[in-house]
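One-letter residues, chain by chain:
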Amino acid sequence: MPIKKFAILLSSVILAISLFFIINPQLSKADELDDINKQLSQLNDDLNKSIAATKPLEGQLTSMQKQIASIKQQVVNAETGIVVKKREIDDGYKRLSEKEKLIAQTISAYYINSYSDCPICEIFSLGNASDITLSLAYHRARTNQDKQVIVNLALSISDLERKKANLEVQQKSLTLAKASLDEQSKKLDSVVKGAKNFQGELSGKIAALSAKQQEILSAKSGNSTFTVGGGESADELIASKKGFTESAPGGSFGVFSFGAYTHRKGMSQYGARGRAQAGQDFKTILKAYYGKDPVGKDTNGDINVQGFGSMNFEDRYLMGIAEMPSSWHPEALKAQAVAARTYAYRYKAEGKEICTTEACQVFNSGKADNPPQAWKDAVQATKGQVLEDVVTYYASTHGGYASPIGWDTTDGSGGGNFIDKAWDKAGGSPWLYKAWWRQGYSNSSSTCGRSAPWLSSQEMADIINATRFRDDRVTPVTTSCWGGNPYSMDELRSKANGPSSVSGVTVLQGNGSSNEVVFQTNIGEIRLSASAFKEAFNLRAPGYVRIPQTGFAFFNIEHK
């Protein structure tokens, strides 16, 4: 074969080899670097988005830090692979160098052996046809062998050159990837630091927000329950359903609570009164509310009373309990005497001091000095009787539902008419279904300048907006009694992107609790959980308008 033909053949072989590797690249470290660059590109996009965000999330930053750590490990692996490949290439060139003499000899022999364009020369040099045939066959085999050696060497050279070129590309790509990774690591560190600073600032703001708003929520929701006390309170007409029907302007909303400042645990005092008036004795009443019958205990001796020191438990302390009017039914008074005795007996037995307010139970020294006869009779008639293994909580009104008995009604069931069946109603509670709007629970307390407990359509929309947007300026607009710098109703509506008016409302009731409030507004129907509405109501409602319940939400909204 002529040298020109060989050169063309060699070039074709090298071109074919190059095309093969271009079309079918190795799935090795080059692919890994591609994957690294893809990940870096995605990470850079995520990082830029995170930097642009006003409030980067800690979780996203942590995830990105893990991504960078993973990519760094892949870079280390790629660097290790490059070192191995460079060693292989160097070894390959070293082996080729050692074969340099063989290469030269082989190419020279191939040139000589392939020069067969003058077969007559071969014929003249041999004696017979058989020798000529053998010589030509040997000549052709030798030539083919040299050709194969040269092709193999060419392939080896091509492979080494390709690997060398790929290695240079990978080294350059890896250098760029490492530079990009370092840059993004610095950016991410900056973002993490900024996010942590922001989170620290936010935590401080949240803490301040919680303290300021919790003060309002505590004042409106009530931190403790209250009981009837020594004198029975009269209902306030304007805060009743009748008052709403008669005096509220059209379009107004009245938020009525089922029960007052109550935990709904144990005995309802008005419920006990209703049961007594219906013929139940004190043991039946106690069984209904506490699930226990009283037992006799040795209650002689003293109890330590806050502010008064030690005093006789039965003959003085219990005589001064001012938790139920003495005019009430004797069986209700006896039930109250056992409940009060049981509650205080724990303190006596453990030698602890008992407080004299509603936080424990009310003690009145003047009443102890001269107890009303009906109350004195109730204490003496039940002397030594307590309920075992139960804390005898009680409150004035439970709102028709008590723990653990459930519905505190004449038939033990709820339903739409549970108010009519409630023992609270039978006992004449003025707080069974009431709109609360005065400071505290006295009917003569301040109203913060308001003339009624009703809310306008715009004010009710404002409460909805308080559930949709919350920061430290979401407080009552009536700064005369609450201070602060609250949003105006227009400002809060803009912040919440909420309604400006409400045209209808439905409260979906559950088993002793309100579940959901559904409003019809100028921007369509809005549904809120009852608990979320209660919190927003107590935080934003004007003046002292509130839902005074602790730990639960049980209310209704009337619309006129």
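Below: a short report on this structure. (Residues numbered from 1 in each chain as written. Predicted model: local features only at pLDDT ≥ 70, side-chain atom pairs only at ≥ 80, totals over all residues. Heavy atoms only, no water.)

## Brief notes about the side chain of K421
Short version of the rule: Each helix is a run of DSSP H or I of at least 4 residues and each strand a run of E of at least 2, with the numbering of both proceeding from the N terminus. Each polar contact in these results corresponds to two N or O atoms within 3.5 Å; when the atoms are within protein, one needs to be able to donate a hydrogen and the other to accept it, and residues that are neighboring in sequence are counted only if both atoms are side-chain atoms. By definition in these notes, contact holds between two residues if any of their heavy atoms fall within 4.5 Å.
Tracing the backbone shows K421 in helix α14 (residues 418–421). A polar side-chain atom of K421 sits 2.8 Å from the main-chain carbonyl oxygen of G414. Once residues within four sequence positions are removed from consideration, K421 is found in contact with T409, T410, D411, S413 and G414.

## Looking at the nonpolar core
Nonpolar side chains in soluble globular proteins tend to be buried together. Our working rule: Residues enter a nonpolar core if they are buried and are Ala, Val, Leu, Ile, Met, Phe, Trp, Tyr or Cys, with the set joined through side-chain atoms within 4.5 Å. When a residue's accessible area, from a 1.4 Å probe over protein chains only, is under 20% of the maximum for its type it is buried; when over 50% it is exposed; and in between it is partly exposed.
Counting 46 residues, the largest nonpolar core has M267, Y290, I303, Y317 and I354 as its most contacted members. Mapped onto this core, the elements with two or more residues apiece are α8 (269–277), α9 (282–290), β4 (302–305), α10 (313–317), α11 (330–350) and α13 (373–381). The greatest single-element share of this core, amounting to ten residues, is contributed by α11. With residues up to four places along the chain from it excluded, the contact list for I354 reads I303, N304, V305, Q306, Y317, Y343, A344, Y347, C360 and Q361.

## Brief notes about the sheet that holds strand β12 (residues 502–509)
This is how the line gets drawn: A pair of strands is considered paired only if DSSP assigns at least 2 bridges between the two. In this description, a line fitted to the C-alpha atoms serves as the axis of each element, helices being fitted only across the stretch in contact, and the angle between N-to-C directions of two axes falls anywhere from 0 to 180 degrees.
Spatially, three strands are ordered β12-β13-β14 in an open sheet, and the strand pairing comes out antiparallel. Every interior strand has two partners, whereas the edge strands, β12 and β14 (524–529), have only one. On average, each strand axis in the sheet is tilted by 20° relative to the strand beside it, whichever way the strands run. As paired strands, β12 and strand β13 (residues 514–521) are joined by seven bridges and run antiparallel to one another. Bridge assignment links L508 to a residue of β13, and that residue is E516.

## Here's the deal with the state of the cysteines
Test applied: We call a pair of cysteine sulfur atoms a disulfide whenever their separation is within 2.5 Å.
For the coordinates displayed, the defined rule picks out two disulfides. Shown here is the disulfide that connects C355 with C360, its sulfur atoms set 2.0 Å apart. On the sign convention where negative is left-handed, the bridge of C355 and C360, at about 120° about the S-S bond, is right-handed. Classification of C355 by relative accessible area gives buried; the value is 13%. Linked covalently through their sulfurs, C448 and C481 form a disulfide whose S-S length is 2.0 Å. Handedness of the C448-C481 disulfide follows from its S-S torsion of about -90°: it is left-handed. Residue C448 is located in the loop between β11 (433–434) and α16 (457–468), and its partner C481 is located in helix α17 (residues 479–482); the two are separated by 33 residues in the primary sequence. The exposure class of C481 is partly exposed, given its relative accessible area of 22%.

## Focus on the pattern of salt bridges
Defined as follows: Between Lys or Arg on one side and Asp or Glu on the other, a salt bridge is scored when a side-chain nitrogen of the former is within 4 Å of a carboxyl oxygen of the latter.
A complete count under the given rule lists 18 salt bridges for this structure. Among the ionic pairs, K297 bridges to E388, the shortest N-O distance being 2.9 Å. With K297 in the loop between β3 (295–296) and β4 and E388 in the loop between β7 (385–386) and β8 (394–395), this pair connects stretches of sequence that are 91 residues apart. E331 is the partner of K334 in a salt bridge, and the nearest nitrogen-oxygen pair spans 3.2 Å.

## Concerning the packing of aromatic side chains
What counts is decided by this rule: Stacked, edge-to-face and tilted are the three classes for Phe, Tyr and Trp ring pairs, Trp counted by its six-membered ring, which pair at centre distances within 6.5 Å; planes under 30 degrees apart are stacked, over 60 edge-to-face, the rest tilted.
All chains considered together, the criterion is met by 23 aromatic pairs. Their ring planes at 70° and their centres at 4.9 Å tell us that F244 and W454 sit as a pair that is edge-to-face. Of this pair, F244 sits in helix α7 (residues 241–247) while W454 sits in the loop between β11 and α16, and the two are 210 residues apart along the sequence. Neither F244 nor W454 differs from the other in exposure class; each is buried. Judged by centre distance (5.0 Å) and plane angle (50°), the rings of W407 and F418 are tilted.

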